[in-house]
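A structural walkthrough
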Amino acid sequence: MDSIFLGFPNWWGTYPQIVATFLADQEWKNKVIYPFCTHEGSAFGSSIQDLQVACSGAEIKTGLAVRGSKVDRSETAVKNWLLTYSN
């Protein structure tokens, strides 16, 4: 299985249209997606549900949502999130 780390800003409750365009152009069967985003209060919003629809056939792992205004203090959260997936 291929692993994809998919990062995006959460705009108006989901990922931006440019990300949607990228997702539509890919084959998602047998892929694992690790989503992460920045936001200003809505975390992932409907992004995870939208990813499940757009990326049919992919396994979508638990993601990491970081408040944009606190991204400069997110190193520990990022490390801990990555450690949950290390072997």
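Our subject is the structure listed above.
So, here's what we can say about the structure. Quantities reported herein were computed from a predicted structural model and do not represent experimental measurements.

Conventions used here
- Residues numbered from 1 in each chain as written.
- Predicted model: local features only at pLDDT ≥ 70, side-chain atom pairs only at ≥ 80, totals over all residues.
- Heavy atoms only, no water.
- Helix = DSSP H or I, 4+ residues; strand = E, 2+ residues; numbered from the N terminus.
- Rg over C-alpha atoms; globule rule 2.2 N^0.38 Å.
- Buried < 20%, exposed > 50% of the residue type's maximum accessible area, 1.4 Å probe, protein only.
- Contact = heavy atoms within 4.5 Å.
- Areas by Shrake-Rupley, 256 points an atom, 1.4 Å probe, with all protein chains shown as cover.
- Lys, Arg positive; Asp, Glu negative; His and termini not counted.
- Charge placed at Lys NZ, Arg CZ, Asp CG, Glu CD.
- Polar contact = N/O pair within 3.5 Å; in protein donor to acceptor, adjacent residues only side chain to side chain.
- Salt bridge = Lys/Arg side-chain N within 4 Å of Asp/Glu carboxyl O.
- Pairing = 2+ DSSP bridges.
- Right-handed = clockwise from strand over helix to strand, strands pointing away.
- Core = buried A, V, L, I, M, F, W, Y, C linked by side-chain atoms within 4.5 Å.

**Description of the overall build of the chain**
Scanning the chain from N- to C-terminus turns up three helices and four strands. Going from the N terminus to the C terminus, the chain shows its helices and strands as β-α-β-α-β-β-α. Its C-alpha atoms give the chain a radius of gyration of 13 Å, within 12% of the compact-globule value 12 Å for 87 residues. Seen along its three principal axes, the alpha-carbon backbone of the chain occupies a region of about 35 × 35 × 15 Å. Each of the 87 residues in the chain was classed as buried or not, and the buried ones make up 32%. The contacts in the chain between residues at least 6 apart in sequence include a share of 75% that link residues at least 24 apart. Counting only carbon and sulfur atoms, one obtains 54% of the accessible surface of the chain, whose full area is about 5,600 Å². With 7 positive and 8 negative side-chain charges, the chain shows a spacing of 7 Å between the two charge centroids.

**With respect to the side chain of serine 47**
Positionally, serine 47 belongs in helix α2 (residues 47–54). A polar atom in the side chain of serine 47 sits 2.8 Å from the backbone oxygen of phenylalanine 44. Excluding residues that lie within four positions of it along the chain, serine 47 makes contacts with Phe8, Asn10, Gly13, Thr14 and Tyr15.

**With respect to the pattern of salt bridges**
In total, this model carries four salt bridges according to the counting rule given. A salt bridge links aspartate 72 to arginine 73; the nearest nitrogen and oxygen atoms lie 3.5 Å apart. The class of aspartate 72 is exposed, set by a relative accessible area of 62%. With a closest N to O distance of 3.1 Å, glutamate 75 and lysine 79 form a salt bridge. Of this pair, glutamate 75 and lysine 79 both sit in helix α3 (residues 75–83), four residues apart, which is roughly one turn of the helix.

**Some remarks on the pairing of strand β1 (residues 2–9)**
Pairing analysis gives eight bridges linking β1 to strand β2 (residues 31–39), with the strands arranged parallel. Considered in β2, the bridge of phenylalanine 5 is made with tyrosine 34. With respect to chirality, the unit in which β1 leads through helix α1 (residues 17–24) into the neighbouring parallel β2 is right-handed.

**Considering the nonpolar core**
Among the nonpolar cores identified, the biggest contains 13 residues, and Leu6, Phe8, Leu23, Trp28 and Cys55 are the most heavily contacted of them. For this core, the elements supplying multiple residues, two or more each, are β1, α1 and β2. In terms of residue count, β1 provides more of this core than any other element does, three residues in total. In contact with phenylalanine 8, not counting residues within four places along its chain, are Tyr15, Pro16, Val19, Pro35, Phe36, Cys37, Thr38, Phe44 and Ser47. Membership of the second largest hydrophobic core comes to five residues, among which are Val32, Leu64, Val66 and Trp81.

These figures come from the coordinates and say nothing about function on their own.
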